Amino acid sequence: HTPPLPNSPPTPAHSVAASVRSVAGSVTPSTITTATTTFSVPLPTAITTLADLAAVLASYGHREVPLTLDLGGKTLSGPLPEPGIIVSREGTTICNAVLQLPPDCIVLVEGNSVELRGVVVQGQGVHLRLMQPGSPLITHGGLVHVTGYDAVLEGCLIQVEERSSPFRQQCAIPGYASFSCNALRVDGKAELVGCDLSSASGEGAVVCGAGAHMAAVSCTASGCCGSGFVALEGGRLVAEGCEARSNDGDGFAALFKATASVNECTATDNSGSGFVAEIGGALEALGGCTAVKNRGVGFGAGGESAILTAVECAAEWNSQHGYGAWEGGVLSTRRCTARGNQGYGFHAGGKGSVVKAGVRHLDSNTKGDWGLECGGMMTRPEEAPPQPQHQLKLQQQAAALRMHEEDEEVVLGDPHAWSG
């Protein structure tokens, strides 16, 4: 069964004039004319297999004129030499295709300013590798792996097949290593718009390494063995309007000195936490992020130097705490809601763990609204808004003060005091 292709927007006007256009159909041009040059094209009669596509990309790998391949919705399959489809030419665009990769093959984006629009990538990825002395080995790679800069993936579906991969078991084959395959890995810089990442044996999308950057807008990561969206080892994740759903790990995570900023994102039904910073990571959850029915905490910071900041967020019906800090993590919230969580609404556990709780609403948390254990600390910042009942009381006191200005004994209550 081939999933329907996402709608692909038209190529931007600024790139059309400078693009080389080749349609993989019944007619293949023998020459291509651009705004600057004309040259012969060593194309096959039609691009009908993955090997055909790989050959075309290899033929144009070092030319300076951008290349656009609109494959017209074709499904390409067949054998490929490892590592698979390599896109090394700067400015290459591939549109409207289903790429069914054989085992141990990936789409490797090496060139800068490469665009994939309306492309479905399906395959098992790389799970087993022969360990030879001196041979390069990229563990935890991606079915689509971006090492170049300024890549754009729009309206793409990346689906890893055979979700129960060998990395979950100890590899028993002598000389081989087993590991997981992410749907997408970014070591360079990439922008994702309206993409669906599913069924990976590792993470849905991971950005890794100092200087690596991934921006995701309106994307979904679901059904992965790892987490949905992850920043690792100094990488930077920016996500807006994204959803992490039904993954075996966390929804959104920043680990090992990586940073993440997420806005209006949702983490639902994940086996880990909804939004988490751990082991020196830092995550900002802004503008209405929600964590619902996750098996861990809704929002959490764990480990020394881990920091999570949540503003106007909601943690509801999670199996542990709504908001938590542990093992030295620091969590700070403003105008946040904790409702129906099976642990505490807010919890700090372990020496050095700090929760700075700015609250909008607390309701029906099983263990209570506030929890402290094993040396954890909790503060309630002054900038938290007063409850409506207290606001009314202050207004009444102010009115009484105006009516009795001559009475110096009248004292207005502390405007920073609040209850709840």
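Residues numbered from 1 in each chain as written. Predicted model: local features only at pLDDT ≥ 70, side-chain atom pairs only at ≥ 80, totals over all residues. Heavy atoms only, no water.

We now examine the overall build of the protein chain. Within the protein chain, the secondary structure is distributed over 3 helices and 39 strands. Evaluated residue by residue, the protein chain yields a buried proportion of 50% over its 420 residues. Total accessible area on the protein chain stands at roughly 18700 Å², and carbon and sulfur atoms take up 52% of it. (Helix = DSSP H or I, 4+ residues; strand = E, 2+ residues; numbered from the N terminus. Buried < 20%, exposed > 50% of the residue type's maximum accessible area, 1.4 Å probe, protein only. Areas by Shrake-Rupley, 256 points an atom, 1.4 Å probe, with all protein chains shown as cover.)

So, about the sheet that holds strand β10 (residues 142–146). What the 12 strands build is an open sheet, ordered β5-β7-β10-β14-β17-β20-β23-β26-β29-β32-β35-β38; its pairing is parallel. The open sheet is flanked by β5 (84–87) and β38 (368–373), the only strands paired with a single partner. Going across the sheet, the axis of each strand differs from the next one's by a mean of 10°, ignoring polarity. The pairing of strand β29 (residues 299–302) with strand β32 (residues 323–326) spans 4 bridges and is parallel. Residue Ala301 lies in a different strand from β32, and its bridge partner there is Ala325. (Pairing = 2+ DSSP bridges. Axes fitted to C-alpha atoms, helices over the stretch in contact; angles between N-to-C directions.)

This paragraph deals with the side chain of Asp250. Here Asp250 shows up in the loop between β22 (243–245) and β23 (252–255). In this structure, Asp250 is buried with no salt-bridge partner, the nearest side chain bearing the opposite charge being Arg295 at 11 Å. Sequence-distant contacts of Asp250, defined by excluding residues within four places in its chain, comprise Ser227, Gly228, Asn270, Gly272, Ser273, Val276 and Glu278. (Lys, Arg positive; Asp, Glu negative; His and termini not counted. Salt bridge = Lys/Arg side-chain N within 4 Å of Asp/Glu carboxyl O. Contact = heavy atoms within 4.5 Å.)

What follows concerns the pattern of salt bridges. All chains considered together, the criterion is met by 7 salt bridges. Across the pair Arg117 and Glu154 runs a salt bridge whose closest N-O atoms are separated by 2.2 Å. Pair noted here: Arg117 is in strand β8 (residues 115–123) and Glu154 is in strand β11 (residues 151–154), with a separation of 37 residues, a long-range link. On the accessibility criterion, Arg117 (7% relative accessible area) is buried. Between Arg185 and Asp187 there is a salt bridge; the shortest N-O distance is 2.8 Å. You can call Arg185 buried: its relative accessible area is 14%. Its relative accessible area of 24% is what places Asp187 among the partly exposed residues.

Burial of the side chains of strand β7 (residues 106–109) extends over both faces: Ile106 and Leu108 are buried on one face and Val107 and Val109 on the other. Strand direction decides the pairing type here: β5 and β7, joined by 4 bridges, are parallel. The partner of Val87 across the bridge, within β7, is Val109. Inspection of the sheet shows β7 paired to β10 by 3 bridges, in the parallel sense. Bridge assignment links Leu108 to a residue of β10, and that residue is His145.

What characterises a pair of aromatic rings is the spacing of the ring centres plus the angle enclosed by the ring planes. Following the criterion strictly, the structure yields 6 aromatic pairs and no others. Between the aromatic rings of Phe275 and Phe299, the centroid separation amounts to 4.8 Å while the plane-to-plane angle is 5°, which identifies the pairing as stacked. Residue Phe275 is located in strand β26 (residues 275–278), and its partner Phe299 is located in strand β29; the two are separated by 24 residues in the primary sequence. Summarising the aromatic geometry, the rings of Phe346 and Trp370 are spaced 5.4 Å apart at their centres and angled 25° between planes, so their arrangement reads as stacked. You can see Phe346 sitting in strand β35 (residues 344–349) and its partner Trp370 sitting in strand β38, a full 24 residues away along the chain. Ring pairing ties together the aromatic residues Phe229, Phe252, Phe275, Phe299, Tyr323, Phe346 and Trp370, which thus form one cluster. (Phe/Tyr/Trp six-rings, centres within 6.5 Å; stacked < 30°, edge-to-face > 60°.)

This paragraph deals with unusual backbone geometry. A cis geometry characterises the amide bond from Glu82 onward to Pro83, with omega recorded as 5°. Its place among the elements puts Pro83 in the loop between β4 (67–76) and β5. In this model, Asp104 sits at a positive phi of 65°, which is unusual for a non-glycine residue. Among the secondary structure elements, Asp104 is positioned in the loop between β6 (93–100) and β7. Positive phi values are uncommon outside glycine, yet Ser246 reaches one of about 55°.

On to the environment of Val56. Within the secondary structure, Val56 is located in helix α2 (residues 50–59). Spatially, the C-alpha atom of Val56 lies 9.6 Å from that of Leu69, the residues being 13 residues apart in sequence.

Okay, the confidence of the model for the protein chain next. Predicted confidence across the protein chain gives a mean pLDDT of 78, with 71% of residues reaching 70 or more. Here residues 128–139 scores under 50 on pLDDT; set against residues more than four positions off or in separate chains, the count is 25 contacts. Here residues 383–387 is a poorly scored stretch, pLDDT under 50, and it has 12 contacts once near neighbours within four places are set aside; other chains count. (pLDDT = per-residue confidence, 0-100.)

Turning to its location among the elements, Asn318 is positioned in the loop between β31 (314–316) and β32. Judged by relative accessible area, which is 0%, Asn318 ranks as buried. Sequence separation between Asn318 and Asn270 is 48 residues, and the spatial gap between their C-alpha atoms is 9.7 Å. Apart from residues lying up to four places away in sequence, Asn318 is in contact with Ala291, Val292, Lys293, Asn294, Gly296, Val297, Gly298, Gly340, Asn341 and Gln342.

Turning to the nonpolar core, a few remarks are in order. The biggest cluster of nonpolar side chains holds 86 residues, and the ones touching the most others in it are Leu184, Phe229, Phe252, Phe275 and Phe299. For this core, the element with the highest residue contribution is α2, accounting for 5 residues. Among the nonpolar cores identified, the runner-up in size contains 7 residues, and Cys208, Leu232, Ala253 and Val276 belong to it. (Core = buried A, V, L, I, M, F, W, Y, C linked by side-chain atoms within 4.5 Å.)

With respect to the helices and strands, Cys156 occurs in the loop between β11 and β12 (157–160). Sequence spacing of Cys156 and Asp196 is 40 residues, and the spatial spacing of their C-alpha atoms is 6.4 Å.

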